[in-house]
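Chain and residue survey
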Amino acid sequence: MALVEIKDVNKHYHKGGQTIKPLDGVSLDIDAGEFISLMGASGTGKSTLLNVIASIDRPDSGSIKIDGVEIADLSRTRLARWRAANIGYIFQTHNLIPVLTAYENVEMPLLLLPMGRAERRRRIEVALSAVDLLDRAEHYPRQMSGGQEQRAGIARAIVANPKVVVADEPTGDLDPETSEQILTLLKRLNQELDTTLLMVTHDAEAATIADRQFKLVDGKLVEQGVAVS
């Protein structure tokens, strides 16, 4: 059984008298430890798909199961706890809290989980070490480069050891050299930690680091290719 099972998912919006359907019967199975990339023109629904998988938004119809759990069946309270324990989210613009250190930003997801201070510290240090940022633990975002901020965001996404990590244009605001470093880091986390990753990107070259590449076209998911070993 796939870790992520997406079956016939639909999502639509009404705008200016028009109905926009970014997701039109989307189905996709993702195995544990798999790295998936998703491309598509602006406004085609890439972020919408990430958000319904991450349970930030709900589909109008269809089914999304993660590790056998139908997330649409969870109450709002249970969903928040489930998301904190099972989903990591990497944002394009880091979304770090400026008044918190890297350590405190990475700690945020763990505060929603039943966990003692010592275990939180252990997990934070492991996550910061995984992204080579332990020496910046007490630095604030303003004291870090863009690449370091993004690495702190990645550490925050993986600190709870989630079942799935989704990344929305994780290199979109970075220069080419830093972008390559972040993509290398994501691939390393996927391979060494067996992290299941779904990455949205506008960069066709970046997409090729994934095991499988897809494109959203008119609300439909089209497979583009498979990584060459």
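Residues numbered from 1 in each chain as written. Predicted model: local features only at pLDDT ≥ 70, side-chain atom pairs only at ≥ 80, totals over all residues. Heavy atoms only, no water.

Quick word on unusual backbone geometry
Despite not being glycine, Asp132 shows a phi value in the positive range, around 55°. Within the secondary structure, Asp132 sits in the loop between α4 (117-130) and α5 (146-158). Asp132 gets classed as exposed once you look at its relative accessible area, which sits at 54%. The phi dihedral of Asn161 falls on the positive side, at around 55°, and the residue is not glycine. Mapped onto the fold, Asn161 is located in the loop between α5 and β7 (164-168). For Asn161, a relative accessible area of 62% puts it in the exposed group. (Helix = DSSP H or I, 4+ residues; strand = E, 2+ residues; numbered from the N terminus. Buried < 20%, exposed > 50% of the residue type's maximum accessible area, 1.4 Å probe, protein only.)

Some remarks on helix α6 (residues 176-192)
Compared with the 24 Å implied by 1.5 Å per residue over 17 residues, the 24 Å span of α6 between its first and last C-alpha is a close match. Looking only at α6, the buried set comprises Thr178, Ser179, Ile182, Leu183, Leu185, Leu186, Lys187, Leu189 and Asn190. Summarising the contacts, the buried residues of α6 are in contact with β3 (35-39), β6 (87-90), α4, α5, β8 (197-200) and α7 (204-207). Taking the backbone nitrogen of Glu177 as reference, a side-chain oxygen 3.1 Å away marks Asp175 as the first, capping residue of α6. Positioned one or two residues after α6, Asp194 has a phi angle of 60°, which is positive. (Expected span 1.5 Å × (residues − 1). Contact = heavy atoms within 4.5 Å. Polar contact = N/O pair within 3.5 Å; in protein donor to acceptor, adjacent residues only side chain to side chain.)

Describing the sheet that holds strand β2 (residues 18-30)
Here 4 strands make up an open sheet; going across it, the order is β2-β1-β4-β5 and the pairing antiparallel. Across the chains shown, the open sheet's two edge strands, defined by having one partner strand only, are β2 and β5 (69-70). Pairing analysis gives 2 bridges linking strand β4 (residues 61-66) to β5, with the strands arranged antiparallel. Looking at the pairing, Lys65 lines up with Glu70 of β5. Packing of helix α1 (residues 46-53) onto the sheet brings it into contact with β1 (4-15), β2 and β4, and relative to β2 it is tilted by some 55°. (Pairing = 2+ DSSP bridges. Axes fitted to C-alpha atoms, helices over the stretch in contact; angles between N-to-C directions.)

Quick look at the pattern of salt bridges
Across all of its chains, the model carries 15 salt bridges by this definition. Of the charged contacts, one joins Arg120 and Glu107 as a salt bridge, the two residues approaching to 3.0 Å between their closest N and O atoms. On the criterion of sequence distance, the pair formed by Arg120 in helix α4 and Glu107 in helix α3 (residues 102-107) is long-range, its members being 13 residues apart. Overall, the relative accessible area of 15% leaves Glu107 in the buried class. Note that Arg188 is salt-bridged to Glu192, the shortest N-O span being 3.6 Å. (Salt bridge = Lys/Arg side-chain N within 4 Å of Asp/Glu carboxyl O.)

Some details on the pairing of β6
Of the two faces of β6, the one holding Ile87 and Tyr89 and the one holding Gly88 and Ile90 are both buried throughout. Note: β6 against β7, 4 bridges, orientation parallel. Across the sheet, Tyr89 pairs through a bridge with Val166, a residue of β7.

Points about the confidence of the model for the protein chain
Here the protein chain averages 91 in pLDDT, and 98% of its residues register 70 or above. At the low end of the mean pLDDT range in the protein chain sits strand β10 (residues 220-226), at 82; at the high end sits α3, at 98. (pLDDT = per-residue confidence, 0-100.)

Points about a nonpolar patch on the surface
A cluster of nonpolar residues, Ile97, Val99, Met108 and Leu111, forms a patch on the protein surface that exposes about 340 Å² of accessible area. For Leu111, a relative accessible area of 46% gives the class partly exposed. (Patch = residues over 30% accessible without salt bridge, like charges linked within 9 Å, V, L, I, M, F, W, Y side chains within 5 Å. Areas by Shrake-Rupley, 256 points an atom, 1.4 Å probe, with all protein chains shown as cover.)

Notes on the environment of Gly146
Positionally, Gly146 belongs in helix α5. Residues Gly146 and Asp175, spaced 29 residues apart in sequence, show a C-alpha to C-alpha distance of 9.0 Å. Excluding residues within four positions of it along the chain, Gly146 makes contact with His94 and Leu174.

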